[in-house]
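The chain contents come next:
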Amino acid sequence: MNLASIPSPSTGVIELGPIPLRGYAFCIIIGVFVAVWFGNKRWIARGGKAGTVADIAVWAVPFGLVGGRLYHVITDYQLYFSEGENWVDAFKIWEGGLGIWGAIAFGAVGAWIGCRRRGVPLPAWADALAPGIAFAQAIGRWGNWFNQELYGKPTDLPWAVEISEGANRVAGTYHPTFLYESLWCIGVALLVIWADRRFTLGHGRAFALYVAAYCAGRAWIEYMRVDEAHHILGLRLNVWTAIIVFVLAVVYIVVSAKLRPGREEIVEPDRDTTPGKDADAKDADAKDAEQDADAKKDPLSKDEPGESGKDLTAESTEAAAEKG
């Protein structure tokens with residue numbers, strides 16, 4: 001008998017007056033704001049400008065949402081395209097279903113576009129944002145609690161989550177894998193913050209550490225889940241994904257440390273990004289250089305020609321006196 005457990009909300013919708021706000025979307029939105037806010041603080045501390053993280057996030061977030069949804073729909077296509085299912089549900093993102101692997105991959109593409117437009121290095125921006133992303137994931141996972149999804153095996157532990165009867169689920173108490181992953185993500189964020197201060201990580205290594213640490217936790221948490229998933233050689237697809245991405249992240253950390261040790265000294269050029277501003281400045285500098293060169297070649301072009309004239313007259317008088 002369960003003496004204690006975590007109750008699930010009776011509804012996944014939060015009513016804000018006349019506006020219904022789904023708990024899943026609410027958690028995602030809060031997570032994004034936390035990631036951008038914390039990333040902005042770290043970016044400024046590294047010498048960047050306020051607002052740059054948000055400007056680039058405008059590109060990264062939409063790409064990430066699309067990528068996360070695509071990964072979920074592709075890997076769980078039977079939920080939308082099998083017989084008796086409605087393919088239109090694939091667009092109902094508010095009902096849950098975002099794959100972090102697709103979100104990070106597509107989000108990186110959006111971030112790359114934003115970084116090129118701002119003239120900043122993508123690895124440095126990713127390093128600044130890494131712990132914020134982990135915090136965002138920790139918050140976002142509570143959206144699964146609102147939807148009563150992504151729970152683990154049945155258990156009588158005091159922190160078991162209560163799941164009610166519904167479509168594709170049986171009432172009971174289960175391991176709250178959403179809570180396990182949320183706590184793990186907080187730990188990952190703190191690890192990255194500590195390692196970044198201790199070892200002065202740069203050139204994308206802080207972000208790679210976040211990826212590796214997250215994958216290490218996701219592998220064992222994924223193994224506990226009981227929701228339907230594709231298996232390869234007895235392991236869930238997401239477990240294999242976590243293993244592969246973990247290895248790639250570790251390899252990147254090792255190779256990057258050898259090829260580009262240390263950290264970027266300049267993460268954002270201190271210049272006016274107004275179109276045409278740089279070209280005008282270069283033209284002005286070129287004109288000043290030409291004027292300086294002309295002044296050196298012709299000493300009589302100085303601002304005080306009277307002084308030069310006096311010197312020449314004195315020299316002529318002395319020469320005449322010597323001849324006399």
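So, how was this worked out
Residues numbered from 1 in each chain as written. Predicted model: local features only at pLDDT ≥ 70, side-chain atom pairs only at ≥ 80, totals over all residues. Heavy atoms only, no water. Helix = DSSP H or I, 4+ residues; strand = E, 2+ residues; numbered from the N terminus. Contact = heavy atoms within 4.5 Å. Pairing = 2+ DSSP bridges. Phe/Tyr/Trp six-rings, centres within 6.5 Å; stacked < 30°, edge-to-face > 60°. Buried < 20%, exposed > 50% of the residue type's maximum accessible area, 1.4 Å probe, protein only. Patch = residues over 30% accessible without salt bridge, like charges linked within 9 Å, V, L, I, M, F, W, Y side chains within 5 Å. Areas by Shrake-Rupley, 256 points an atom, 1.4 Å probe, with all protein chains shown as cover. Salt bridge = Lys/Arg side-chain N within 4 Å of Asp/Glu carboxyl O. Core = buried A, V, L, I, M, F, W, Y, C linked by side-chain atoms within 4.5 Å. 1 Å grid on protein atoms, 1.4 Å probe; cavity = no way out; pocket = protein on both sides within 12 Å on 5 of 7 lines; lining within 4 Å. Points joined across faces, edges and corners; volume = space filled by probe spheres on them. Nonpolar A, V, L, I, M, F, W, Y, C, P; charged D, E, K, R; others polar. Expected span 1.5 Å × (residues − 1). Bend = angle between axes of the 7 residues up to and from the residue.

**Student:** A description of the environment of T177 should follow, citing residues and the corresponding values.
**Tutor:** Counting through the fold element by element, T177 comes out in helix α7 (residues 177–199). For the pair formed by T177 and V161, sequence separation is 16 residues and the distance between their alpha carbons is 9.1 Å. Among all residues touching T177, those that are not within four sequence positions of it are L150, Y151, G152, I221, M224 and R225.

**Student:** Talk me through the pairing of strand β2 (residues 19–22); I want residue IDs and the actual numbers.
**Tutor:** Side-chain positions along a regular strand alternate between the two faces of the sheet. Both strand β1 (residues 13–16) and β2 contribute to a ladder of four bridges, which runs antiparallel. Residue pairing across strands places V13 opposite R22, the latter belonging to β2. Adjacent in sequence and paired antiparallel, β1 and β2 are bridged by two residues, among which G17 carries a positive phi angle near 65°.

**Student:** An account of the packing of aromatic side chains is requested, with residue identities and associated values reported.
**Tutor:** Counting across every chain of the model gives twelve aromatic pairs. On the basis of an interplanar angle of 40° and a centroid distance of 4.6 Å, the ring pair of Y151 and Y174 is categorised as tilted. Of this pair, Y151 sits in the loop between α6 (142–147) and β3 (161–163) while Y174 sits in strand β4 (residues 172–174), and the two are 23 residues apart along the sequence. We classify Y151 as buried; its relative accessible area is 12%. Ring centres 5.5 Å apart and planes at 55° place the aromatic pair F207 and Y210 in the tilted group. Of this pair, F207 and Y210 both sit in helix α8 (residues 205–224), three residues apart, which is roughly one turn of that helix.

**Student:** So what's going on with the side chain of T241? Which residues, and what values?
**Tutor:** Along the chain, T241 turns up in helix α9 (residues 237–259). By relative accessible area, which is 16% here, T241 ends up buried. Non-local contacts of T241, meaning those with residues more than four positions away in its chain, are made with Y71 and W101.

**Student:** Report on the side chain of T52, specifying residues and quantitative values.
**Tutor:** On the secondary structure map, T52 appears in helix α2 (residues 52–75). For T52, the contacting residues outside a window of four places in its chain are W43, R118, V120, W125 and E268.

**Student:** Please set out a nonpolar patch on the surface residue by residue, giving values where relevant.
**Tutor:** Taken together, the side chains of I243, F246, V247, V250, V251, V254, V255 and L259 present a nonpolar region at the surface, about 640 Å² in accessible area. By the element assignment, V247 lies in helix α9.

**Student:** Summarise the nonpolar core; cite the residues concerned and give the values.
**Tutor:** Where a protein is soluble and globular, its nonpolar side chains tend to be buried together. Ranked by internal contacts, the top residues of the largest apolar core, which has 39 residues, are W43, W101, W125, V192 and Y210. Elements represented by at least two residues in this core include exactly α1 (23–45), α2, α4 (100–118), α5 (122–140), α7, α8 and α9. No other element matches α8, which puts nine residues into this core. With near-sequence residues (within four places) excluded, Y210 lies in contact with I104, A130, I133, A134, Q137, V188 and V192. Of all hydrophobic cores here, the second largest spans nine residues; its members include C27, V161, I163 and L179.

**Student:** Go over unusual backbone geometry, please, and point to the residues and values.
**Tutor:** Look at Q148: it is not a glycine, yet its phi comes out positive at around 50°. With respect to the helices and strands, Q148 occurs in the loop between α6 and β3. When its relative accessible area of 9% is taken as the criterion, Q148 is described as buried. Positioned with a positive phi, L233 is a non-glycine residue whose angle comes to about 55°. Within the secondary structure, L233 is located in the loop between β5 (231–232) and β6 (235–236).

**Student:** Provide a residue-level description of the layout of surface pockets, including the pertinent values.
**Tutor:** Quantified by volume, the second largest pocket comes out at close to 200 Å³. As for the second largest pocket, its lining consists of F38, K41, R42, A45, R46, I193, D196, R197 and R263. The biggest single contributor to the lining of the second largest pocket is α1, with four residues. When grouped by side-chain class, the residues that make up the lining of the second largest pocket number three nonpolar, no polar and six charged.

**Student:** Would you mind going over α2 in detail, with residue names and values included?
**Tutor:** Under the 1.5 Å per step criterion, the end-to-end length of α2 is 34 Å for 24 residues, consistent within 8% with the ideal 34 Å. Taking the largest bend as the criterion, α2 deviates by roughly 35°, centred on V58, and proline P62 comes between one and four positions later.

**Student:** Describe in detail the pattern of salt bridges, supporting the description with residues and values.
**Tutor:** Using the criterion set out here, one finds eleven salt bridges in the structure. We note a salt bridge from R46 to D127, for which the minimum N-O separation is 3.8 Å. Taken as a pair, R46 in the loop between α1 and α2 and D127 in helix α5 lie far apart in primary sequence, 81 residues in all. Here R46 matches D127 in class, with each residue buried. E181 is paired through a salt bridge with R141; the nearest N and O atoms lie 3.1 Å apart. Of this pair, E181 sits in helix α7 while R141 sits in the loop between α5 and α6; the two residues are 40 residues apart in sequence, bridging distant segments of the chain. With a relative accessible area of 4%, E181 lands in the buried category. On the accessibility criterion, R141 (12% relative accessible area) is buried. Several salt bridges converge on common partners, so that one network encompasses R141, E181, R218, E222, R225 and R236.

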